[in-house]
Amino acid sequence: MKQVATPFLLALLLLSTLTASAQILRGKILRYGEAQSGLSIQKNGRGFKSLTDINGNFLIKAKEGNKLFVRQGDTTWILPARQNMEIELSELAREPEDTARPAVEKPAMTSSWGDTLGAVTTIQRKDFNDGNIFDPYGLIQGLVPGLTVAKPGGDPLGNYQVQLRGLHTFDEFTSDPRERVIDRRQPLLVIDGLPGADLLTLDPADIATIRILRDVASTAAYGLRGANGVIEIETRLPGDDPLSVTYHSYLAHETPTGMTDVLSATEFARRTGTPNTAYYRPGFNLGDDTDWQREISRKVWNHTHQLAAGGTFGNTRYQLALNYRDQQGVAKRSGFHQWNSRLHLQQALWKDRLKIGIQAAHTGRNFQDVEPNIFLQAAQYNPTSPIYSDTSTRYGGYQQMPFYLYFNPVAAQEQTTREGHQKVNTLGGYVQLEPLAGLELAGRYTRQHSDRLYGQHYPRNAFFGGYDVGGSALRDAQLLDNQHGQLSAAYGLNWSKHRLKVRAAYTYQRWDLDYEQIIARQFTNDDFSYERTDGAANLERLQHRTLDEQIALTSTLEYHWNKTVFVKGLLRREGASRLGPKNKWAWFPGLQTAVSLHRIFNWSNRFHLRMSYGEAGQLPPKNFASHWKVGPQDYMYYAGQYIRSYDFTNTPNPGIGAEHRSEWNIGLDFGLLANRIRLNLDWYRSTSRDIIARTELPTPPYPQISYFDNFGALQNQGLEVGLATQLIDNTQLQWHTGLQFSTNTTRMLDMNHPQARNVIEYRGVGRLGSPGLCCTTAQRLEEGEKIGNFYGPVYQGIDQEGRWQLADLNNNGIPDFGDEQQIGNAQPDLQFGWTNDLQWGAFELSWMLRGILGHDLINAHRIRLENPESLGPYNVFSSLFEGEKLRLRDYPVLSSYYVEDASFVRLDYLTLAYRFKLPESARLSGLQLYLNARNVFTLSAYSGPDPDLWLNNAGNLLAPGVASPSSFGERGLYFPARSFTLGVRLEM
């Protein structure tokens, strides 16, 4: 606890010596009585921008009497700041634009009216999810309609699975980092203007806003990277006070949840030790009592510290942030330590017409992981077995039993080393120039360098991973250099009620990857590990360097009339080195239109109609699909020894081109009850065509079977709804609530290549894996049908002899393929998030309910561990001895019996905060304490540990919904965690 308290107290001491300069002021902006959302407010016309929410409310740090600059498009109003102000724009005079020019602008190149035209959601810092969140995706989970953010389990090193408006590619998982430099599986992440930025470079505390581009007409601006949607993140801006300092620290206690309900040692001994019963298994009661799930887990204390300082001196502005996180997992020997720093400097010259800025960031992380399979082993390992054995010296003193895919989970956790470190450095600069009225010139260059080392080591006496091969080690070293540059020019023209703006931009991006992997076996002793592989008799080394480049030219035209009719057109031409020589370039258009009908008909309630069409692209999954590739094959005997052979692995395709996704989007923004209730609706239909996938060609005439080409197609269709209202709004009590919900259906349109060896009616996917049903596939892919359809016979009961009773559709008396039918689907019918913020005086209570309804999951562990044939060497689920399952004597068979409705409603977080009222003479301008709970409860009928969506099966995006990967090396789910947090926020 001393390590936790020391930086906390030091920061308190630092802040107590500083002088207060501002406070948090609240306000609301109206126009003809209608709440205005998306307006920017700046103190003195420069520095941090606050944006009004959907109810017109805003918060800004300022002194009463400071000038507030309120901007809507190109119109600016200036007025004095005061607490609880209500601004009616129709009663204010417009200020001349030259007096309202801000001294500091974010060097982002976005449309002035983008949120008016497109399906775009902007989440501000104050609206982020609460609690111990160390991944930016966790900040917005459940807040954006159409955005799926899922993370089954509580692994602190696990990644969120993210999809925006469904699935748009066939990409299947590959662990080879050479093919994962460009992530095709999730929305494009843009951090401070850098596309494809490393998420590790960013601490959630540094984020000011997250902007989600949901419609393709908006993402067309990112061309070859925009098909999966785009998430733009902007970090905090330099302030405009001489000095502004904030400190945020919290202490979080986490406990494991969702442990599998298996037999205790007493019950296991009773079931297996009772003669003349169906479960009698003599010889397996080893006399001990071990709760394996408890042995590999723990309760942990985590702490985070965030210190930020910003301000101005002369025409120079600065923002510095320092962050430290100690995040340990609820599984022993897992977690990370991370430190992050970020600097933003900006210099204004030539009466603020020229701005020069520098941004730099550094992140370092040391991490430790656990063998993923220990969670399955902890559920199935014999509970009467001891952890250690005096007679098992060859396995390091750990008790082990030689059964199929079976090992002591504590031994695997304690003997295995899985660790690494990563450093990410980012340096960028930008220039903005306004040489003439209406003419804007801008340039930006950013370079990001990532250095990652990961290692595994299994000693020679490790039963799992080491004993049979004389010890083993894995070393992965990766250096990735990401460079991005952009030049742009824009000119705006205003006359009468017309506004016109044109813009052109040139973009260049380059990725350079240097990768090395070493697999070592047969060590002479255990002093060697992944850090020293020279002590291994068997070495396999893979070294590779790959280069990717993209060039794009983008032009846009924006027009609006009287703030009533809006039109935006975009055209982007882009080329990439990954594309084949016959298809190096692609076009991406976008068109958005909107009309504010309430202005035409002078309605009191807002009624804004939008329509858009756009196209965006996706790069090939492999860097050399258009070239001949040589790869390792089987060993061959040559010159008295076995050597590795090599051969061509593919038929090249020089015509391979970009994937394309086109989409129509119709949106409606309207208000009810004098805009007290605000609603946003979007309906869309998109088609992804020319999807790149592997097919098999006939040989001859083709030289190799494997061939990559553009031939797949998917369709997505859905509805997105956002609702926000302020239920109570008076001087004592305010209650804001928001509801977001969405639907989406993904269908397979085309999966057969015209030149393939065989045309298939359907393709089996979703392997259940071993142990269980080994190569059995749980789903079918069929053209015209939904992705994620489970197929199998319908379960009808268990007969008196203990055999499965399954529906016999073809009446032949035996279970076969003719009895299979659709028995579920992994896609949800509805996703929703309901947020609430209740303020009473100095107290604030906030919470979010998040739900996913209508999706099915297969809990693959039930197939293995809810079957009497496993009992003996393996432990089993307690549910095996309930109801008619007591009669079960048959082997597992895939059927609707194992397909479960995984619908759930979860209280994601609950926060109670208190803001202290400080005297005017106080050195601090703000002090807040809060208590937070995350993953408070989950309501679901699902039998597994976590009913959240599984968007892939061992990486296969076309096989969602199998709640356990099919690869043995990743079998099992990291325990979900519940956290309780005590935090403090200080401001001056």
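In this text the structure is predicted, and so the values were computed from the model without any measurement. (Residues numbered from 1 in each chain as written. Predicted model: local features only at pLDDT ≥ 70, side-chain atom pairs only at ≥ 80, totals over all residues. Heavy atoms only, no water.)

Asks: I'd like a description of the overall build of the protein chain, backed by residues and values.
Replies: When its secondary structure is counted, the protein chain shows 10 helices and 47 strands. In terms of overall dimensions, the protein chain has C-alpha extents of about 90 × 70 × 60 Å along its principal axes. Here the protein chain, with 988 residues, has 57% of them falling under the buried criterion. In the protein chain, the share of contacts with a sequence separation of at least 24, taken over all contacts with a separation of at least 6, comes to 71%. Counting every atom, the protein chain has about 41,100 Å² of accessible surface; 55% of that belongs to carbon and sulfur. (Helix = DSSP H or I, 4+ residues; strand = E, 2+ residues; numbered from the N terminus. Buried < 20%, exposed > 50% of the residue type's maximum accessible area, 1.4 Å probe, protein only. Contact = heavy atoms within 4.5 Å. Areas by Shrake-Rupley, 256 points an atom, 1.4 Å probe, with all protein chains shown as cover.)

Asks: Please provide a residue-by-residue account of the nonpolar core, values included.
Replies: Ranked by size, the top nonpolar core spans 25 residues in total, and within it Leu147, Ile210, Ile212, Ile231 and Ile233 carry the most contacts. For this core, the secondary structure elements donating two or more residues are helix H3 (136-140), strand E10 (147-150), strand E11 (161-164), strand E12 (188-191), strand E14 (207-213) and strand E15 (230-235). Setting aside chain neighbours within four positions, we find leucine 147 in contact with Ile140, Val162, Gln163, Leu164, Ile212 and Ile231. Formed by 21 residues, the second largest nonpolar core is a distinct cluster that contains Val370, Met401, Tyr406 and Tyr874. (Core = buried A, V, L, I, M, F, W, Y, C linked by side-chain atoms within 4.5 Å.)

Asks: Lay out the confidence of the model for the protein chain with the relevant residues and their values.
Replies: Confidence along the protein chain averages 87 in pLDDT terms, with 91% of residues attaining 70 or more. Predicted confidence is poor over residues 966-970, with pLDDT under 50, and the contacts of this stretch with residues over four places away or in other chains come to 19 contacts. (pLDDT = per-residue confidence, 0-100.)

Asks: An account of the pattern of salt bridges is requested, with residue identities and associated values reported.
Replies: This structure, assessed with the given rule, holds 41 salt bridges. Where arginine 689 meets glutamate 615, a salt bridge forms, and the shortest distance between an N and an O atom there is 3.7 Å. On the criterion of sequence distance, the pair formed by arginine 689 in strand E32 (residues 677-696) and glutamate 615 in strand E28 (residues 607-618) is long-range, its members being 74 residues apart. Judged by relative accessible area, glutamate 615 falls into the buried class, the value being 14%. The network of salt bridges with shared partners includes Arg165, Arg214, Arg610, Arg661, Glu663, Asp669, Asp682 and Glu720. (Salt bridge = Lys/Arg side-chain N within 4 Å of Asp/Glu carboxyl O.)

Asks: I'd like to hear about a nonpolar patch on the surface, residue by residue, with values.
Replies: On the surface, a cluster of nonpolar side chains totalling about 480 Å² of accessible area is made up of Leu320, Leu322, Leu343, Leu345, Ile358 and Leu427. Elements that contribute at least two residues to the nonpolar patch include exactly strand E18 (316-328) and strand E19 (335-349). Tracing the backbone shows isoleucine 358 in strand E20 (residues 354-368). (Patch = residues over 30% accessible without salt bridge, like charges linked within 9 Å, V, L, I, M, F, W, Y side chains within 5 Å.)

Asks: Would you mind going over the side chain of asparagine 323 in detail, with residue names and values included?
Replies: Here asparagine 323 shows up in strand E18. Judged by its relative accessible area of 5%, asparagine 323 is buried. Separated by 3.2 Å, the side chains of asparagine 323 and aspartate 206 make a polar contact. Beyond its immediate sequence surroundings of up to four residues, asparagine 323 is in contact with Asp203, Ala205, Asp206, His305, Gln306, Gln338, Trp339 and Asn340. (Polar contact = N/O pair within 3.5 Å; in protein donor to acceptor, adjacent residues only side chain to side chain.)

Asks: An account of the environment of arginine 281 is needed here, citing residue identities and associated values.
Replies: One can find arginine 281 in the loop between helix H5 (265-273) and helix H6 (292-295). Separated by 37 residues in sequence, arginine 281 and tyrosine 318 place their C-alpha atoms 72 Å apart. Residues within four places of arginine 281 in sequence aside, it is in contact with Thr272, Pro868, Glu869, Leu871 and Gly872. Here proline 868 takes part through its backbone oxygen, which lies 2.8 Å from a polar atom of the side chain of arginine 281.

Asks: So what's going on with the sheet that holds strand E9 (residues 120-124)? Residues and values would help.
Replies: The 5 strands lie next to each other as E9-E14-E15-E12-E13, forming an open sheet whose pairing is mixed. Each of the sheet's edge strands pairs with one partner strand only, and the pair in question is E9 and strand E13 (194-195). Summarising the sheet, E12 and E13 pair through 2 bridges and their orientation is antiparallel. Bridging across to E13, valine 190 finds its partner in proline 195. (Pairing = 2+ DSSP bridges.)

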